[in-house]
Amino acid sequence: MKEYLKPCPFCGGEAKFGVTDHEGNDRDDEYENDPWSGLAFRILHIHEENEGCPIANYEIDGAAIGVYLYDSRKEAAEAWNKRQG
Ligand SMILES: [Zn+2]
């Protein structure tokens, strides 16, 4: 099942899943198929794609929203979608 991320409540822009290892190092999507160093997820909202958004972060900084790592896409999606008013 594909988890759904709602649009950003501030700018209406797109939020994405970021794949990381258990230490929060960024990994690409393929890593998810062979997560040899642990697997976690976070929400990305990229400033370059959503200019003017108060919560977007620069891609060079990882673009992650918050510092939390989630065990699954579902958890990450629930945390993000909960932000909606
Ligand atoms: Zn936004």
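These numbers come from a predicted model, not from an experiment.

### Some points on the coordination of the zinc ion
The protein atoms donating to the zinc ion are C8 (SG), C11 (SG), H45 (NE2) and C53 (SG), with metal-donor distances spanning 2.1 to 2.3 Å. Taken together, the four donor atoms surrounding the zinc ion define angles of 103 to 113° at the centre, an arrangement classified as tetrahedral. Positions of the donor residues of the zinc ion, expressed as sequence spacing, correspond to C-x2-C-x33-H-x7-C. Of this pair, C11 sits in the segment before β1 (16-20) while H45 sits in the loop between β3 (40-44) and α1 (73-81); the two residues are 34 residues apart in sequence, bridging distant segments of the chain.

### Overview of the packing of aromatic side chains
Counted according to the given criterion, the structure contains one aromatic pair. With 6.0 Å between their ring centres and 75° between their planes, Y31 and W36 make a pair best called edge-to-face. A cation sits over an aromatic face here: R27 above Y31, 4.8 Å from the ring centre. Against the face of F17 rests R73, its NZ or CZ located 5.0 Å from the ring centre.

### Observations regarding the pattern of salt bridges
Per the counting criterion, the structure on display carries five salt bridges. Of the charged contacts, one joins K16 and E49 as a salt bridge, the two residues approaching to 3.3 Å between their closest N and O atoms. Pair noted here: K16 is in strand β1 and E49 is in the loop between β3 and α1, with a separation of 33 residues, a long-range link. According to the relative accessible area criterion, E49 is partly exposed, its value standing at 46%.

### As for the layout of surface pockets
Within this model, the largest pocket holds a volume of roughly 160 Å³. Taken together, the residues of the lining of the largest pocket break down into four nonpolar, no polar and six charged.

Thresholds applied
Residues numbered from 1 in each chain as written. Predicted model: local features only at pLDDT ≥ 70, side-chain atom pairs only at ≥ 80, totals over all residues. Heavy atoms only, no water. Donors = N, O, S within 2.8 Å, 3.2 Å for Na, K, Ca; no water. Tetrahedral: all angles 85-135°; square planar, octahedral: opposite > 155°, others 65-115°. Helix = DSSP H or I, 4+ residues; strand = E, 2+ residues; numbered from the N terminus. Phe/Tyr/Trp six-rings, centres within 6.5 Å; stacked < 30°, edge-to-face > 60°. Lys NZ or Arg CZ within 6 Å of the ring centre and 35° of its normal. Salt bridge = Lys/Arg side-chain N within 4 Å of Asp/Glu carboxyl O. Buried < 20%, exposed > 50% of the residue type's maximum accessible area, 1.4 Å probe, protein only. 1 Å grid on protein atoms, 1.4 Å probe; cavity = no way out; pocket = protein on both sides within 12 Å on 5 of 7 lines; lining within 4 Å. Points joined across faces, edges and corners; volume = space filled by probe spheres on them. Nonpolar A, V, L, I, M, F, W, Y, C, P; charged D, E, K, R; others polar.

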